[in-house]
Amino acid sequence: MSTPSGRLLSLLSLLQTPREWPGSELADRLGVSPRTVRRDVDRLRELGYPVEASMGAAGGYRLAAGKAMPPLLLDDEEAVAIAVALSTAVGKPVSGIEQASLRALAKLEQVLPSRLRHRVGAFRAATESLFTESTTPVDPHELAVAAAAVAGHERLRFGYESGDGSRTRRLVEPHRLVLAGRRWYLLAYDTERDDWRIFRVDRMSRLQPTGVRVPPRELPEKDAAAFVTRRMYSLAPTYEVRATLCLPAAQAAERLGAAPGELRPIDENSCELHGRADTLEWLASRLLMLGCEFQVHEPPELLAHLRVIGDRALRAAGDPAAEAPPCRSRPSESLRG
């Protein structure tokens, strides 16, 4: 290698391959003597890399797991593969790793050469997941830009499309990215409106970090996710349900995926549900798919909606007492929640 530092990085890259390297093979790969390899291994150990050595004809050097993970060296194909995998994890998050995936993607995108960014972008554009659940996909690159602005306390400018279709240009101080359901939201302080705002990331476009770093503002609440949830529920119409379920609380929680506090055991065979949703259809389907008897106490709108569904089910089953209305080209108002 041309320089000792470059040779050291090449040695580290080789050792990160999960195998044991004979000293002679490393010397041939690097174009140096076995003695130089031993000195370079000692330097890596001084830097905190746990390089183990074994003696004998089958012995050699290998990188072991240490107390802390050292920096990784990736070739082009490995970097592209990781970026694509992280983008998938961010877009279709597994519970508990979405924020970590986003942070890792932001760090990786920051250092990717432009040629590799192009390859990652081309792969994203050419592929589509069969199991997508969201009708509002988020560009992982823009999500990474937002995450970097949050981490760096950097003001961010972007275009935003509101729910009514109006478009504005915003300048904000990003505070936190929050995943709620299948959507990402940016919690930020809007400098022009002098207030905290919540932005759907899929409605954000042309994200531009300004380079202006500002001290982080204190959020009105300690928990960013709780603040976003409270603000969203205060802005959107919701229905609160209270129902008795003929099902043990543990089984109900498993089938519903209920949040802590939504279920209260009554006895070993029943429990009470306290929950909320933004549509009657979702509440009704949630209850009907439990596979148990239940009694709804409130809201009255849900009771009326269940009667409509019940009548439709009876007609579909051929109940002669349930008279079928004429088919309509559009759903009736009672079915819209």
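Refer to the preceding data block for the structure.
Residues numbered from 1 in each chain as written. Predicted model: local features only at pLDDT ≥ 70, side-chain atom pairs only at ≥ 80, totals over all residues. Heavy atoms only, no water.

1. Brief notes about the packing of helix α1 (residues 4–15) against helix α2 (residues 23–30)
The interhelical angle for the contact between α1 and α2, taken along N-to-C directions, is 130°, at an axis separation of 11 Å. When the interaxial angle is binned, α1 and α2 end up oblique. Between α1 and α2 lies a crossing whose hand is right-handed. For the pair α1 and α2, the contacting residues are Arg7, Ser10, Leu11, Leu14 and Leu15 in the first and Leu26, Arg29 and Leu30 in the second. (Axes fitted to C-alpha atoms, helices over the stretch in contact; angles between N-to-C directions. Helix = DSSP H or I, 4+ residues; strand = E, 2+ residues; numbered from the N terminus. Parallel < 35°, antiparallel > 145°, perpendicular 65-115°, else oblique. Left-handed = near helix turned anticlockwise from the far one by under 90°. Contact = heavy atoms within 4.5 Å.)

2. Observations concerning the nonpolar core
Among soluble globular proteins, nonpolar side chains are generally buried collectively. Core analysis: the biggest nonpolar cluster contains 31 residues, and Leu156, Phe158, Leu177, Leu186, Phe199 and Met204 have the highest contact counts within it. When residues of this core are traced back to their parent elements, those giving at least two are α4 (76–91), α5 (98–111), α6 (114–126), α7 (140–152), β3 (154–161), β4 (167–180), β5 (183–190) and β7 (204–213). The element contributing the most residues to this core is α7, with seven residues. Look past the residues within four positions of phenylalanine 158 in its chain and what remains in contact with it is Thr168, Arg169, Arg170, Val172, Leu186, Phe199, Met204, Ser205, Arg206 and Leu207. (Core = buried A, V, L, I, M, F, W, Y, C linked by side-chain atoms within 4.5 Å. Buried < 20%, exposed > 50% of the residue type's maximum accessible area, 1.4 Å probe, protein only.)

3. Regarding the packing of aromatic side chains
One pair of aromatic rings is described through two measures. These are the centre distance and the angle between the planes. Using the criterion set out here, one finds four aromatic pairs in the structure. Between phenylalanine 158 and tyrosine 160, the aromatic rings sit 6.4 Å apart at their centres with planes inclined by 80°, giving edge-to-face as the arrangement. Using a relative accessible area of 0% as the deciding quantity, one classes phenylalanine 158 as buried. Summarising the aromatic geometry, the rings of tyrosine 189 and tryptophan 196 are spaced 5.5 Å apart at their centres and angled 85° between planes, so their arrangement reads as edge-to-face. For the residue pair tyrosine 189 and tryptophan 196, the accessibility class agrees, reading buried in each case. The aromatic ring of tyrosine 189 is capped on one face by arginine 217, whose charged end is 3.8 Å from the ring centroid. (Phe/Tyr/Trp six-rings, centres within 6.5 Å; stacked < 30°, edge-to-face > 60°. Lys NZ or Arg CZ within 6 Å of the ring centre and 35° of its normal.)

4. A short note on unusual backbone geometry
Note the cis peptide between glutamate 298 and proline 299, where omega equals 10°. Note on placement: proline 299 falls in the loop between β11 (294–298) and α11 (300–316). At aspartate 194, a residue that is not glycine, the phi angle is positive and equals roughly 55°. Even without being a glycine, arginine 206 presents a positive backbone phi close to 50°. With respect to the element layout, arginine 206 can be found in strand β7. For arginine 206, a relative accessible area of 52% puts it in the exposed group.

5. Re the sheet that holds β7
Backbone-to-backbone hydrogen bonds pair the strands of a sheet. The strands run either parallel or antiparallel. The sheet built from five strands is open, its strands ordered β6-β5-β4-β3-β7 with antiparallel pairing. Every interior strand has two partners, whereas the edge strands, β6 (195–200) and β7, have only one. Strand-to-strand twist in this sheet, taken as the mean axis angle between neighbours without regard to direction, amounts to 45°. Of the pairings in the sheet, the one linking β5 to β6 comprises six bridges and is antiparallel in character. For aspartate 190, the partnering residue across the bridge sits in β6 and is aspartate 195. Against the sheet, α7 makes contact with β3, β4, β5 and β7, and its axis sits at roughly 25° relative to β7, the strand it touches most. (Pairing = 2+ DSSP bridges.)

6. Looking at the environment of glutamate 52
Relative to the assigned elements, glutamate 52 resides in strand β1 (residues 51–54). For glutamate 52, the contacting residues outside a window of four places in its chain are Arg45, Gly60, Tyr61, Arg62 and Ala64.

7. A look at the packing of α1 against helix α3 (residues 34–46)
Relative to each other, α1 and α3 sit at 80°, their axes nearing to 10 Å. Taken together, α1 and α3 sit at an angle that is classed as roughly perpendicular. Residue-level inspection shows Arg7, Leu8, Leu11, Leu12 and Leu15 of α1 in contact with α3, the latter providing Thr36, Asp40, Val41, Arg43 and Leu44. Among the residues making up the contact of α1 with α3, the classes are represented as six nonpolar, one polar and three charged. (Nonpolar A, V, L, I, M, F, W, Y, C, P; charged D, E, K, R; others polar.)

8. Considerations on the pattern of salt bridges
One pass over the full model with this rule turns up 15 salt bridges. Residue glutamate 161 is joined to arginine 167 by a salt bridge in which the shortest nitrogen-to-oxygen separation is 3.4 Å. Residue glutamate 161 is classed as partly exposed on the basis of its relative accessible area, which comes to 29%. Assessed through its relative accessible area of 65%, arginine 167 is described here as exposed. Connected through salt bridges with shared partners, the residues Arg170, Asp190, Glu192 and Arg193 form a single ionic network. (Salt bridge = Lys/Arg side-chain N within 4 Å of Asp/Glu carboxyl O.)

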